[in-house]
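Remarks on the overall topology
Listed below are the residues making up each chain.
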Amino acid sequence: MRCTIRFPNYSHLLILILLLTIPNIIESMTNTLPGCPDRCGNIMVPYPFGIGTECSFKGFTLNCTTYQNGTSKLFLNRIEFLSISLLTAEARINNHVSWQCYNNTANKVTHSDWWMNLMSSPYRFSDSRNKFITIGCETLAYIGISNNVNNY
């Protein structure tokens, strides 16, 4: 008498699990040049980004600033980076708020403008992942775009 034991075939489940975990594996891999820091505080800094010119591709050089309280923040010039994802080709930044207020008593307008120039850089604003919001009564808000021939 011959006895055959059959085990359930879980290969399709294993493939599905692997496919679902690949993005997390890719995202968690450190991809920096040898001898270069792979993070600033809790933010991963994958190549082509890098901290310092020797650790990055041109246009992707970031600075890591450590404050007296021990926290570190990642910057490109005056723009603070909150996260970088090569998988989605996105970098989240901390954007400042521009404001303008009229002081009726002093009959004066005070304001603080903030701008970002992405010309001559590899960065672009996402047309689907950004929000432009204005708050107030009788409020005007606008985004300005340069119309130089070489811009797109």
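Structure report, in brief. (Residues numbered from 1 in each chain as written. Predicted model: local features only at pLDDT ≥ 70, side-chain atom pairs only at ≥ 80, totals over all residues. Heavy atoms only, no water.)

A closer look at the sheet that holds strand S5 (residues 72-76)
As a reminder, the rule being used: In this description, strands pair whenever DSSP reports at least two bridges between them. Only DSSP runs of H or I reaching four residues or more are called helices, and only runs of E reaching two or more are called strands; each is numbered from the N terminus.
Sheet architecture is open: five strands sit in the order S3-S4-S5-S6-S7, paired in mixed fashion. The open sheet has two free edges, formed respectively by strand S3 (50-51) and strand S7 (90-94), since each of these has just one partner strand. Examined bridge by bridge, strand S6 (residues 79-85) and S7 share five bridges and lie antiparallel to one another. The partner of Glu 80 across the bridge, within S7, is Asn 94.

Observations concerning the nonpolar core
Rule in force here: Working definition of a nonpolar core: buried Ala, Val, Leu, Ile, Met, Phe, Trp, Tyr and Cys residues. They are joined through side-chain atoms within 4.5 Å. Burial status follows relative accessibility: with a 1.4 Å probe on protein chains alone, a residue under 20% of its type maximum counts as buried, one over 50% as exposed, and anything between as partly exposed. Note on contacts: a residue pair qualifies if any of its non-hydrogen atoms lie within 4.5 Å across the two residues.
Within the largest apolar cluster, 16 residues are counted, with the highest numbers of intra-cluster contacts made by Val 45, Phe 49, Leu 62, Leu 74, Phe 81, Ile 84 and Tyr 123. Mapped by element, the contributors of at least two residues to this core are S5 and S6. With three residues, S6 is the largest single contributor of residues to this core. Not counting residues within four places of it along the chain, the set of residues in contact with Phe 49 comprises Cys 55, Ser 56, Phe 60, Leu 62, Phe 81, Ile 84, Leu 86 and Tyr 123.

Brief notes about the packing of aromatic side chains
Condition: Paired rings are identified among Phe, Tyr and Trp, the last through its six-membered ring, by centres lying within 6.5 Å, and are further divided according to the angle between planes into stacked (under 30 degrees), edge-to-face (over 60) and tilted (the rest).
Taken as a whole and judged by the stated rule, the model has six aromatic pairs. With centroids separated by 6.1 Å and ring planes inclined at 65°, the aromatic side chains of Phe 49 and Phe 81 adopt a geometry described as edge-to-face. One end of the pair, Phe 49, is in the loop between strand S2 (43-44) and S3; the other, Phe 81, is in strand S6, and 32 residues separate them in sequence. Across this residue pair, the class does not change: Phe 49 and Phe 81 are buried.

As for the pattern of salt bridges
Keep this limit in mind: A pair is scored as a salt bridge if a Lys or Arg side-chain nitrogen falls within 4 Å of a carboxyl oxygen belonging to Asp or Glu.
All told, the structure shown has one salt bridge when counted by the stated rule. A salt bridge links Glu 90 to Arg 129; the nearest nitrogen and oxygen atoms lie 3.1 Å apart. Here Glu 90 is found in strand S7, whereas its partner Arg 129 is found in the segment after strand S9 (108-112), with 39 residues between them in sequence.

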